Amino acid sequence: MKIEPIILEGRYVRMEPLELSHVPGLTEVGTDAELWRWTKHLIQSEEEMREYVSEAIGWQVAGTALPFATIEIASGRPVGCTRMFDIDPVNRSLEIGYTWVAKPWQRTVVNTEAKYLMLQHAFEAMGCIRVQLKTDSLNEKSRKAMLRIGAKEEGTFRNHMIMRENRYRHSTFFSITESEWPNIKHILASKVANVTS
């Protein structure tokens, strides 16, 4: 399993290896508190975004993650970011998460194509047999998005994390397996192909 930075490019988005040079652009679109409502982070300044990106790059250097900036091809600007992390070469699995897309690009082709590109890389280039996703059990929007891309809900870990303000988070887990990928690939490719300008 090769764990090395790579550019994944589609028709609408380009997934670039996350770098500190992305920080100003990500800060422009990524300080809306609503983006961070269900996370342990709250990014409100360029300095906090730099820390967030630096942490992701640190994981990459350690060989446990591939973080990406999500770039809208039409404008050339970053509109969010995401990571493949907890990469397990022995069990050929990983998780996709730490995903956020700025509000103007939510519920557009951006996240659909980003997930398509990342899943394709995970299953077809990295040889994964399982890709996991998870979200706060209270985050209905995220849960619906995971089901919409074809992930199967597996269950909820209770008191899984302690969040800001000491709230106990229950995390709902989803996954896609290698046998499910060909059908999901077809569905996601159709969604991207059928986008009208």
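Before going into details, it helps to say that this report is about the structure given with it.

Cut-off values and rules
- Sequence order sets the numbering: in each chain, residues are counted from 1 along the sequence as written.
- Owing to the predicted nature of the model, reporting of local features is limited to residues with pLDDT of at least 70; listing and counting of side-chain atom pairs is limited to 80 or more, with chain, interface and lining totals taken over all residues.
- Hydrogen atoms and water are omitted, and side-chain values are computed over all heavy atoms in the structure.
- Each helix corresponds to a stretch of at least 4 residues labelled H or I by DSSP, and each strand to a stretch of at least 2 residues labelled E; elements are numbered beginning at the N terminus.
- Computation of the radius of gyration draws on C-alpha atoms alone. For the globule rule, the value is 2.2 Å times the number of residues to the power 0.38.
- Only protein chains enter the accessibility calculation, which uses a 1.4 Å probe; a residue whose area is less than 20% of its type maximum is buried, one above 50% is exposed, and one in between is partly exposed.
- Note on contacts: a residue pair is in contact if any heavy atoms of the two residues lie within 4.5 Å.
- Surface accessibility in these figures is a Shrake-Rupley result with a 1.4 Å probe; residues are shielded only by whichever protein chains are displayed.
- We count Lys and Arg on the positive side and Asp and Glu on the negative side, and we leave His and both chain ends out.
- One atom stands in for each charge, and that atom is NZ of Lys, CZ of Arg, CG of Asp or CD of Glu.
- To pair, rings of Phe, Tyr and Trp, with the six-membered ring standing in for Trp, must have centres within 6.5 Å; the planes then decide the type, stacked if under 30 degrees apart, edge-to-face if over 60, and tilted in the middle.
- Both a distance and an angle decide whether a charge sits over a ring: NZ of Lys or CZ of Arg must be within 6 Å of the ring centre and within 35 degrees of the ring normal.
- We count a salt bridge whenever a side-chain nitrogen from Lys or Arg sits within 4 Å of a carboxyl oxygen from Asp or Glu.

1. Remarks on the overall build of the protein
Stage number 1. Within the protein one finds 5 helices and 8 strands.
Stage number 2. Written out in order from the N terminus, the α and β elements of the protein read β-β-α-α-β-β-β-α-β-α-β-β-α.
Stage number 3. In terms of overall size, the protein behaves like a compact globule, its C-alpha atoms giving a radius of gyration of 16 Å where 197 residues would be expected to give roughly 16 Å.
Stage number 4. The principal-axis extent of the C-alpha atoms belonging to the protein is close to 40 × 40 × 35 Å.
Stage number 5. The 197 residues of the protein split such that 46% are buried.
Stage number 6. At a minimum sequence separation of 6, the contacts of the protein that also span at least 24 residues come to 60%.
Stage number 7. Carbon and sulfur atoms make up 50% of the accessible area of the protein, which amounts to about 10100 Å² in all.
Stage number 8. Charge-centre separation for the protein: the mean point of 25 positive side chains lies 6 Å from the mean point of 25 negative side chains.

2. A closer look at the packing of aromatic side chains
Stage number 1. Within this structure, the stated rule accounts for 8 aromatic pairs.
Stage number 2. Measuring from centroid to centroid gives 6.0 Å for Trp59 and Phe85, while their planes differ by 40°, and the two rings are tilted. Taken together, the residues Trp59 in helix α2 (residues 46-62) and Phe85 in strand β4 (residues 77-88) connect sequence positions 26 residues apart.
Stage number 3. With 4.2 Å between their ring centres and 35° between their planes, Phe157 and Phe173 make a pair best called tilted. Residue Phe157 is located in strand β7 (residues 152-162), and its partner Phe173 is located in strand β8 (residues 168-177); the two are separated by 16 residues in the primary sequence.
Stage number 4. We classify Phe173 as buried; its relative accessible area is 8%.
Stage number 5. Cluster of aromatic residues (ring-pair linked, three or more members): Trp36, Tyr52 and Trp100.
Stage number 6. The lysine or arginine in question, Arg83, covers the ring of Tyr52, its NZ or CZ lying 5.0 Å from the ring centre.
Stage number 7. Between Arg83 and the ring centre of Trp59, over which it is positioned, the NZ or CZ distance is 4.7 Å.

3. A short note on the pattern of salt bridges
Stage number 1. This structure, assessed with the given rule, holds 13 salt bridges.
Stage number 2. The salt bridge involving Glu124 is made with Lys185; its shortest N-O contact spans 2.9 Å. Of this pair, Glu124 sits in helix α3 (residues 109-125) while Lys185 is found in helix α5 (residues 181-193), placing the two residues 61 residues apart along the sequence.
Stage number 3. According to the relative accessible area criterion, Lys185 is partly exposed, its value standing at 26%.

4. Section: the side chain of Thr27
Stage number 1. With respect to the helices and strands, the residue Thr27 is situated in helix α1 (residues 23-29).
Stage number 2. Since its relative accessible area comes to 13%, Thr27 is described here as buried.
Stage number 3. With residues up to four places along the chain from it excluded, the contact list for Thr27 reads Ser45, Glu46 and Met49.

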